[in-house]
Amino acid sequence: MQTMDISTNAFDVPDGDADFDPSNPPPFKISEIRSAIPKHCWIKNPWRSLGYVLKDVLVVIALAAAALCFDSLCFWPLYWAAQGTMFWAIFVLGHDCGHGSFSDSILLNNVVGHLLHSSILVPYHGWRISHRTHHQNHGNVEKDESWVPLPEKIYNGLDISSRIMRFTLPLPLLAYPIYLWSRSPGKEGSHFNPYSNLFTPNERRAVMTSTACWITMVLLLLHSSFVFGSVQVLKLYGVPYIIFVMWLDMVTYLHHHGHEQKLPWYRGKEWSYLRGGLTTVDRDYGWINNIHHDIGTHVIHHLFPQIPHYHLIEATKAAKPVLGKYYRDPKKSGPFPFHLLQDLVKSVSQDHYVSDVGDVVYYQTDPDLYKKLAKTKLV
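Conventions and cut-offs
- Residues numbered from 1 in each chain as written.
- Predicted model: local features only at pLDDT ≥ 70, side-chain atom pairs only at ≥ 80, totals over all residues.
- Heavy atoms only, no water.
- Core = buried A, V, L, I, M, F, W, Y, C linked by side-chain atoms within 4.5 Å.
- Buried < 20%, exposed > 50% of the residue type's maximum accessible area, 1.4 Å probe, protein only.
- Helix = DSSP H or I, 4+ residues; strand = E, 2+ residues; numbered from the N terminus.
- Contact = heavy atoms within 4.5 Å.
- Expected span 1.5 Å × (residues − 1).
- UniProt positions renumbered as here; feature names shortened; annotations may be inferred.
- Patch = residues over 30% accessible without salt bridge, like charges linked within 9 Å, V, L, I, M, F, W, Y side chains within 5 Å.
- Areas by Shrake-Rupley, 256 points an atom, 1.4 Å probe, with all protein chains shown as cover.
- Salt bridge = Lys/Arg side-chain N within 4 Å of Asp/Glu carboxyl O.
- Disulfide = S-S within 2.5 Å.
- 1 Å grid on protein atoms, 1.4 Å probe; cavity = no way out; pocket = protein on both sides within 12 Å on 5 of 7 lines; lining within 4 Å.
- Points joined across faces, edges and corners; volume = space filled by probe spheres on them.
- Nonpolar A, V, L, I, M, F, W, Y, C, P; charged D, E, K, R; others polar.
- Polar contact = N/O pair within 3.5 Å; in protein donor to acceptor, adjacent residues only side chain to side chain.
- Phe/Tyr/Trp six-rings, centres within 6.5 Å; stacked < 30°, edge-to-face > 60°.
- Lys NZ or Arg CZ within 6 Å of the ring centre and 35° of its normal.
- Axes fitted to C-alpha atoms, helices over the stretch in contact; angles between N-to-C directions.
- Parallel < 35°, antiparallel > 145°, perpendicular 65-115°, else oblique.
- Left-handed = near helix turned anticlockwise from the far one by under 90°.

So, the nonpolar core
Then step 1. Core analysis: the largest hydrophobic core is formed by 54 residues, its most contacted members being Trp88, Phe91, Tyr176, Tyr237 and Phe244.
Then step 2. Put simply, the parts of the chain that give this core at least two residues each are helix H2 (46-70), helix H3 (75-99), helix H4 (106-119), helix H5 (124-136), helix H8 (176-182), helix H9 (204-228), helix H10 (230-254) and helix H15 (339-350).
Then step 3. Looking at this core, the element that brings in the most residues is H3, giving twelve residues.
Then step 4. Not counting chain neighbours up to four residues away, the residues in contact with Tyr176 comprise Phe91, Val122, Trp127, Val245, Leu248 and Asp249.
Then step 5. Counting residues in hydrophobic clusters, the runner-up holds 18 residues, among them Leu278, Val299, Ala319 and Tyr326.

Here it is, written out as structure tokens:
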């Protein structure tokens, strides 16, 4: 358990380098990081972005055609893994549209973003707006939006089914559709409801548009089920969608959890945009890096989401001398990032809640959690 001396504002550093406390305010400003990044890294090339979209769409079509052609028990699992990964890549390009890093054209960003995200059952504007909230408040226990730590009071109030869902793998990797409908414990609202407290009145029309596009995709899938059969649609689309959701939940979780040194979360006056962004974690996904558009290069993306994904690696290399120990080099991956599964399992089993008090807090572990879950005979 991590403690805070309120009178001196000093913290016990959990694990890692005893000479470095990641919760200390950094000795540099965000403007210094920005200045270190080459100017061309900020330039958005819409043709290059559209080229990535075309490539990914062609791969998706080719994989589906191959699955229909071979139609064998040996090939379907390979197809599901590959196509689910491509759905995740499609999401990342839509994510760039949401940040405005796809192009300087708002119209192009919104059109492409709707096409890409609706195709994988993501409400583009609803997600875009909540994701903007996540970036604006990253690392803030009270205001962050994505995989936020549960304060102890909320954690203690969770029912048994919520605890199973959040802390029993692989169930947390299936959380995204639930999050879209009802957000995280302790928060209210839906990404589909334009009157949700996620959105301001002037954002309601945009949310309605995205919800309508989402409904259109659902109707298209239902129609396809009647025409081609529900089993065929499940094999071609349903299972890859589940794989995509697992990719999304794993990657977004590991961007903010599971580092070998526990990283701080902030409240109140201790939080700043820079300090919150520096608690994010880069990850190496091996061969998957290029497929999912280097989304594992996450620290610079969180600080400067306007940078196109194809400049993130160069921007990170340029910024590292300024960041110093506040940047944590990711563990090198083999062709496939199996090493990250260990980080995921360890974090889910240990990172349960944070204290209700204190402006700098770290995850704490409920030692009785799995004993309680075992008693339900559901795990």
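Resuming the write-up.
Some words on H3
Then step 1. Between its first and last C-alpha atoms H3 spans 36 Å; for 25 residues at 1.5 Å apiece the expected length is 36 Å, and the two agree.
Then step 2. Taken across its 25 residues, H3 has 19 buried, putting it largely inside the fold.
Then step 3. Phi turns positive, to about 80°, at Gly100, one or two residues after H3.

Structural notes on unusual backbone geometry
Then step 1. Cis geometry is adopted by the peptide bond preceding Pro170, which originates at Leu169 and carries an omega value of 5°.
Then step 2. Phi is positive for Leu121, close to 60°, though the residue is something other than glycine.
Then step 3. Along the polypeptide, Leu121 turns up in the loop between H4 and H5.
Then step 4. By relative accessible area, which is 13% here, Leu121 ends up buried.
Then step 5. One non-glycine residue with positive phi stands out, namely Trp147, at about 50°.

Notes on the UniProt feature "transmembrane region" (unreviewed entry) in the protein
Then step 1. According to UniProt, the positions carrying the feature "transmembrane region" (unreviewed entry) are residues 57-79, 206-228 and 234-254.
Then step 2. Here residues 57-79 is 83% helix and 0% strand, with 15 Å between the C-alpha atoms at its ends.
Then step 3. Counted over residues 234-254, helix gives 100% and strand 0%. Its end C-alpha atoms are 28 Å apart.

As for a nonpolar patch on the surface
Then step 1. Nonpolar side chains collect at one region of the surface, where Ile215, Leu219, Leu222, Phe226, Val227 and Phe228 lie side by side and expose about 690 Å² of accessible area between them.
Then step 2. Along the chain, Phe228 falls in helix H9.
Then step 3. A relative accessible area of 62% means that Phe228 is categorised as exposed.

Observations concerning the state of the cysteines
Then step 1. Scanning all chains against the criterion turns up zero disulfides.
Then step 2. Cys97 forms no disulfide, and the closest cysteine sulfur to it belongs to Cys213, at a distance of 13 Å.
Then step 3. Residue classification places Cys213 among the partly exposed residues on the basis of a relative accessible area of 26%.

Some words on empty space enclosed by the protein
Then step 1. On inspection of all chains with the given rule, the structure shows three cavities of 30 Å³ or more.
Then step 2. Considering only enclosed or pocket space, the largest cavity measures out at about 130 Å³ in volume.
Then step 3. Around the largest cavity sit 15 residues that line it, and Trp147, Arg166, Phe167, Tyr253 and Val348 are the ones nearest its centre.
Then step 4. Contributions of two or more residues to the lining of the largest cavity are made by helix H7 (160-167), H10 and H15.
Then step 5. Of the residues belonging to the lining of the largest cavity, the class tally is ten nonpolar, two polar and three charged.

Comments concerning the pattern of salt bridges
Then step 1. Scanning the entire structure with this criterion turns up 13 salt bridges.
Then step 2. Between Glu270 and Arg275 there is a salt bridge, with the nearest N and O atoms lying 2.9 Å from each other.
Then step 3. With a relative accessible area of 8%, Arg275 lands in the buried category.
Then step 4. In this structure, Lys372 and Asp366 form a salt bridge, with 3.8 Å as the shortest nitrogen-oxygen distance.
Then step 5. According to the relative accessible area criterion, Asp366 is buried, its value standing at 10%.
Then step 6. Counted as one network, the salt bridges with shared partners bring together Arg163, Asp366 and Lys372.

Re the environment of Asp159
Then step 1. Among the structural elements, Asp159 can be located in the loop between helix H6 (152-156) and H7.
Then step 2. Within polar-contact distance, the side chain of Asp159 engages the backbone nitrogen of Ser162 at 2.8 Å.

Notes on the packing of aromatic side chains
Then step 1. Per the stated rule, a full pass over the model turns up 25 aromatic pairs.
Then step 2. Aromatic pair Phe91 and Phe244: ring centres 5.9 Å apart, planes at 45°, arrangement tilted. Residue Phe91 is found in helix H3, and its partner Phe244 is found in helix H10; the two are separated by 153 residues along the sequence. Taken as a pair, Phe91 and Phe244 share a single burial class, namely buried.
Then step 3. Through a chain of ring-to-ring contacts, three or more aromatic side chains come together here, namely Phe87, Trp88, Phe91, Trp127, Tyr176, Tyr179, Tyr237, Tyr241 and Phe244.
Then step 4. The ring of Tyr155 carries Arg163 above its face, with NZ or CZ at 4.6 Å from the centroid.

Overview of the packing of H3 against H10
Then step 1. Contact geometry for H3 and H10: axes closest at 7 Å, N-to-C directions at 55°. One finds that H3 runs oblique with respect to H10. Crossing of H3 against H10: the hand is right-handed. Of H10, the residues touching H3 (which contributes Trp76, Tyr79, Trp80, Ala81, Gln83, Gly84, Thr85, Phe87, Trp88 and Phe91) are Gln232, Lys235, Leu236, Tyr237, Val239, Pro240, Tyr241, Ile243, Phe244, Trp247, Leu248 and Val251.
Then step 2. Here the contact of H3 with H10 is composed, by residue class, of 17 nonpolar, four polar and one charged.

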